[in-house]
Amino acid sequence: MSLINATPSITVTTDLIRLELNGTTVMLESDLSLSGLLVVNNIDVASVAIVVNDTVIPRSGWQHIQCQANDRINVFSAVAGG
């Protein structure tokens, strides 16, 4: 009789959602905030504005608002000029 080499399998499940970011369809973790969205996409938070489904989101809400399936999110960069 021989032992069977059984390695326990660990499954990590991350729920993904589909949304539109600057016109491109992306898949993201379902528990991602708007702030997290910027970090994951290497977007500098210093001089951007976020619009979700045609509504400008104040910077104060970025950490508290979760990305939702089918959201249309646009990130705009402020440009100085005259």
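Residues numbered from 1 in each chain as written. Predicted model: local features only at pLDDT ≥ 70, side-chain atom pairs only at ≥ 80, totals over all residues. Heavy atoms only, no water.

An unreviewed UniProt entry lists the protein chain under the name Sulfur carrier protein ThiS, from Shewanella algicola.

Draft legend 1. Looking closely at the pairing of strand β2 (residues 24-29). Bridge analysis of strand β1 (residues 16-21) against β2 gives 6 bridges, and the strand direction is antiparallel. Each residue of the ladder has a partner; that of Arg18, found in β2, is Met27. Linkage of β1 to β2, two consecutive antiparallel strands, is achieved through a turn of 2 residues, within which Asn22 is found at a positive phi near 50 degrees. (Pairing = 2+ DSSP bridges. Helix = DSSP H or I, 4+ residues; strand = E, 2+ residues; numbered from the N terminus.)

Draft legend 2. Broad picture of the nonpolar core. Core analysis: the biggest nonpolar cluster contains 16 residues, and Leu34, Leu37, Ile50 and Ile73 have the highest contact counts within it. Broken down by secondary-structure element, the contributors of at least two residues to this core are β1, α1 (34-40), β3 (48-52) and β5 (72-77). Dropping the residues within four chain positions of it, Leu37 is found in contact with Leu21, Leu28, Leu32, Cys67 and Ile73. (Core = buried A, V, L, I, M, F, W, Y, C linked by side-chain atoms within 4.5 Å. Buried < 20%, exposed > 50% of the residue type's maximum accessible area, 1.4 Å probe, protein only. Contact = heavy atoms within 4.5 Å.)

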